[in-house]
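Each chain, letter by letter, is given below.
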Amino acid sequence: GENVEQHPSTLSVQEGDSAVIKCTYSDSASNYFPWYKQELGKRPQLIIDIRSNVGEKKDQRIAVTLNKTAKHFSLHITETQPEDSAVYFCAAVNDYKLSFGAGTTVTVRA
Amino acid sequence: GAVVSQHPSWVICKSGTSVKIECRSLDFQATTMFWYRQFPKQSLMLMATSNEGSKATYEQGVEKDKFLINHASLTLSTLTVTSAHPEDSSFYICSAPPGQGAPGNQPQHFGDGTRLSIL
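Residues numbered from 1 in each chain as written. Chains lettered and ligands numbered in written order. Predicted model: local features only at pLDDT ≥ 70, side-chain atom pairs only at ≥ 80, totals over all residues. Heavy atoms only, no water.

### A few points about the side chain of Lys37(A)
Applicable threshold: Helix numbers and strand numbers start at the N terminus; a helix is a DSSP run of H or I with at least 4 residues, a strand a run of E with at least 2. Under the rule applied, a polar contact is a pair of N or O atoms within 3.5 Å (in protein, one hydrogen donor and one hydrogen acceptor; residues adjacent in sequence only if both atoms are side-chain atoms).
Tracing the chain through its elements places Lys37(A) in strand β4 (residues 32-38). Here the side chain of Lys37(A) touches Glu83(A) through a polar contact of 2.8 Å, landing on its backbone oxygen.

### What to know about the interface of chain B and chain A
Here is the rule: Two residues qualify as a contact provided that any one of their heavy atoms is within 4.5 Å of a heavy atom in the partner residue. Here's the idea: put two parts together, see how much 1.4 Å probe accessible area each one loses, and the total over both is what we call buried area. For this document, the term salt bridge refers to a Lys or Arg side-chain nitrogen within 4 Å of an Asp or Glu carboxyl oxygen. When residues are sorted by character, Ala, Val, Leu, Ile, Met, Phe, Trp, Tyr, Cys and Pro go into the nonpolar class, Asp, Glu, Lys and Arg into the charged class, and all the rest, Gly among them, into the polar class.
Of the residues lining the interface, 23 residues belong to chain B; the matching set on chain A comes to 19 residues. Across the interface of chain B and chain A, roughly 1,700 Å² is buried in total on both sides, 56% from carbon and sulfur atoms. The tally of links from chain B across to chain A stands at two salt bridges. Salt-bridge contacts for Arg43(A) lead to Asp112(B); the nearest nitrogen and oxygen are separated by 3.3 Å. Summed over the shared surface of chain B and chain A, the result is six residue pairs in polar contact (both at pLDDT 80 or more). Sort the elements by how many residues they give to the side of chain B that touches chain A and strand β4 (residues 32-38) of chain B lands first, with three residues. Looking at the side of chain B that touches chain A, its residues break down into 11 nonpolar, nine polar and three charged.

### Here's the deal with the confidence of the model for chain B
This is how it is decided: Confidence scores here are pLDDT values: one per residue, from the predictor, ranging 0 to 100.
Across chain B, pLDDT averages 92, with 97% of residues at or above 70. Averaged pLDDT values over the elements of chain B bottom out at 92 in strand β7 (residues 67-73) of chain B and peak at 97 in strand β11 (residues 114-118) of chain B.

### Structural notes on the state of the cysteines
In plain terms, the rule: Pairs of cysteine sulfur atoms within 2.5 Å are what we label disulfides. Relative accessibility under 20% of the residue-type maximum defines a buried residue, over 50% an exposed one, and the middle range a partly exposed one, all with a 1.4 Å probe and only protein chains included.
Applying the stated criterion across every chain, the model contains two disulfides over all chains. The disulfide that involves Cys23(A) links it to Cys90(A), with 2.0 Å between the sulfurs. The disulfide joining Cys23(A) to Cys90(A) has a torsion of about -100 degrees about its S-S bond and is therefore left-handed. A residue pair is termed long-range when its members are at least 10 positions apart, and Cys23(A) in strand β3 (residues 19-25) and Cys90(A) in strand β9 (residues 86-94) qualify at 67 residues. Pair check on accessibility: Cys23(A) and Cys90(A) agree, each one buried. Here Cys23(B) engages in a disulfide with Cys94(B); their sulfurs sit 1.8 Å apart. Every disulfide takes its handedness from the sign of the S-S torsion; for Cys23(B) and Cys94(B) that torsion is -95 degrees, giving left-handed. Taken together, the positions of Cys23(B) in strand β3 (residues 19-25) and Cys94(B) in strand β9 (residues 90-96) put the pair 71 residues apart, joining distant regions of the chain.

Structure representation (structure tokens):
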């Protein structure tokens, strides 16, 4: 099955700085890579996604890159704000099945 | 937009009780639903895939006799945790692809989750 590794597990950044989270996947059949933000006790919220035919996608302060050859993808958050503090999960999807990374707890220091 | 309604949101019950969790697709048909379990400070782990009109597919290590899944209609899937024990305490959440025939590379719709606490 699919194995998704996510790093780092925790990330502390100064407000205004950038945050980068990296993930790798194992199954070359995975073709969709969503990123989720989850607050305690709540459902994951999709913040950005990328499909396997695209190398990069940006939405305001958030960007995602995908390297299919190397099987890794990354989330970049620029100009971080306190409300960006949360747990972030990457996922790889094959035939609807989501395999999640272990999560990254991001803390933005004011 | 499409919504998945999950109930109950919180359950506290005694050890040995069976607990049923429902996920309902409100404005689309969900022939498939996925059930996840999330322990505190951990990731979401896929437990099983619920298929309308047929048996669920369980992930390795998930006891099918303990976690009963029923998907009797195109809009409702249920997960029953039978004879629950404290170690079953967790956050259970469902998700569904956005509709019949939707491509696999589309965002899924998540329920709000059920926090299960077994005393």
